[in-house]
Amino acid sequence: MQKFKFSVVVVVTISHLLTLQQCCHAHAPQYHPPSPTSNWCRHDESDALVQFKNSFTIIGDGHDRATSWKGGVDCCLWEGVTCDPLTGHVTGLDLSCAQGTLQANNSIAHLRFLRSLNLAHNDFHDSIIPYSFTKLTSLSHLNLSNTKLAGRIPSGFNHLDKLVLLDLSFNHVSFGKPEDYSKLLANATKLSELWLQRVNMSDIKPSSFSNLSRSLKYLDFSSCGLVRSFKRLSSACQNSN
C-alpha cells in the first residue's frame, strides 16, 4: 500500500514538472522595485549599506550607481537603493555587476526590512553564501544568479518563507542535505519563480518535488544532476518488483 502511494506522488510530480517546463523562459525575469523615495534615511541602515558595499569592488554599471553613495546624502536617494516611502526603511538593494569576496559576517543582516536583493552577475570568487542572508526574513525577491558562489546553500534558507522569486542559477552551490530543499519548498508557499539551473541537486530525492508550491509559475532545474536521482528511483522500483 505504501509503495502505491509513493508511485502516485512521483507520477503527479513528473506531470507537474513537464507542465512547468513548458512555461519556463531561458532566463529569469529581473525584478524592478519602485523608484527610490527620499524619506529620512535611517542612520543604522545607511551605515550597514556602506559597510556591505565596501566589502567588495564595484565595476561597470554597478560602479556608476555606487558613485551616488555619498555621505550627507539621504541613502534613499542612492542609486540601487529603494526605501519605504512611509517609514524610510531600506526595502530594495541592487548591487549587480561587482566583484570581490562576500564576507561571512557582513552587515546586510541589519537591513531587516529588505524585500528585494539583487546581486546578479557578480564575481564573488567562490565565496560561500553568507548565513546572514537567512536573517533577511522579509525578502520576497532574491537574485544571486551567475555570481560565482560556491559551497552549500545555508539550511536557514527555509526561514525565507515570503520568497516570491529565488534565483541561484549558474553557481557552484548545492543543498547541504536533501531535507533542506524539502523544507524550503514546504515553507515558501508564495514562491512563484524558482531558478536553480546548474545548482548541484544530484542528492535530492524525487519525492521532494511533491512540496512544489501551487503558486509556482516558472521553474528551471536544467543541468542540475536530477536525471541521476530519477534513475536511482527507477532502479529501486525495478528491484522491488
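One can find the structure itself at the top, above this paragraph.
Everything numeric in this text was worked out from a predicted model, so none of it was measured. (Residues numbered from 1 in each chain as written. Predicted model: local features only at pLDDT ≥ 70, side-chain atom pairs only at ≥ 80, totals over all residues. Heavy atoms only, no water.)

1. Remarks on the sheet that holds strand β5 (residues 116–118)
Right, so step 1: The mixed open sheet is built from 7 strands, whose spatial order is β2-β3-β5-β6-β8-β10-β11. With partners counted over all chains shown, the strands left at the sheet margins are β2 (81–83) and β11 (218–220), one partner each. If you compare each strand with its neighbour and ignore which way they point, the axes differ by 10 degrees on average.
Right, so step 2: Pairing between β5 and strand β6 (residues 141–143): 3 bridges, direction parallel. Each residue of the ladder has a partner; that of S116, found in β6, is H141. (Pairing = 2+ DSSP bridges. Helix = DSSP H or I, 4+ residues; strand = E, 2+ residues; numbered from the N terminus. Axes fitted to C-alpha atoms, helices over the stretch in contact; angles between N-to-C directions.)

2. Thoughts on the pattern of salt bridges
Right, so step 1: Enumeration over the complete set of coordinates arrives at 2 salt bridges.
Right, so step 2: Across the salt bridge formed by D123 and K148, the nearest N and O atoms sit 3.8 Å from each other. Of this pair, D123 sits in the loop between β5 and β6 while K148 sits in the loop between β6 and β7 (150–153), and the two are 25 residues apart along the sequence.
Right, so step 3: You can call K148 partly exposed: its relative accessible area is 44%.
Right, so step 4: Residue K162 is joined to D161 by a salt bridge in which the shortest nitrogen-to-oxygen separation is 4.0 Å.
Right, so step 5: Using a relative accessible area of 39% as the deciding quantity, one classes K162 as partly exposed. (Salt bridge = Lys/Arg side-chain N within 4 Å of Asp/Glu carboxyl O. Buried < 20%, exposed > 50% of the residue type's maximum accessible area, 1.4 Å probe, protein only.)

3. Section: the state of the cysteines
Right, so step 1: Per the counting criterion, the structure on display carries 2 disulfides.
Right, so step 2: With a sulfur-sulfur separation of 1.8 Å, C41 is cross-linked through a disulfide to C75. Taking the sign of the S-S torsion, 85 degrees for the link of C41 and C75, the bridge is right-handed. You can see C41 sitting in the loop between α1 (2–23) and α2 (43–53) and its partner C75 sitting in the loop between α3 (60–66) and β2, a full 34 residues away along the chain. Across this residue pair, the class does not change: C41 and C75 are buried.
Right, so step 3: Here C76 engages in a disulfide with C83; their sulfurs sit 2.2 Å apart. Every disulfide takes its handedness from the sign of the S-S torsion; for C76 and C83 that torsion is -95 degrees, giving left-handed. Across this residue pair, the class does not change: C76 and C83 are buried. (Disulfide = S-S within 2.5 Å.)

4. Focus: the environment of S140
Right, so step 1: Position of S140 relative to the elements: it lies in the loop between β5 and β6.
Right, so step 2: The class for S140 is buried, based on a relative accessible area of 14%.
Right, so step 3: C-alpha separation for the pair S140 and L191, spaced 51 residues apart in sequence, amounts to 8.5 Å.

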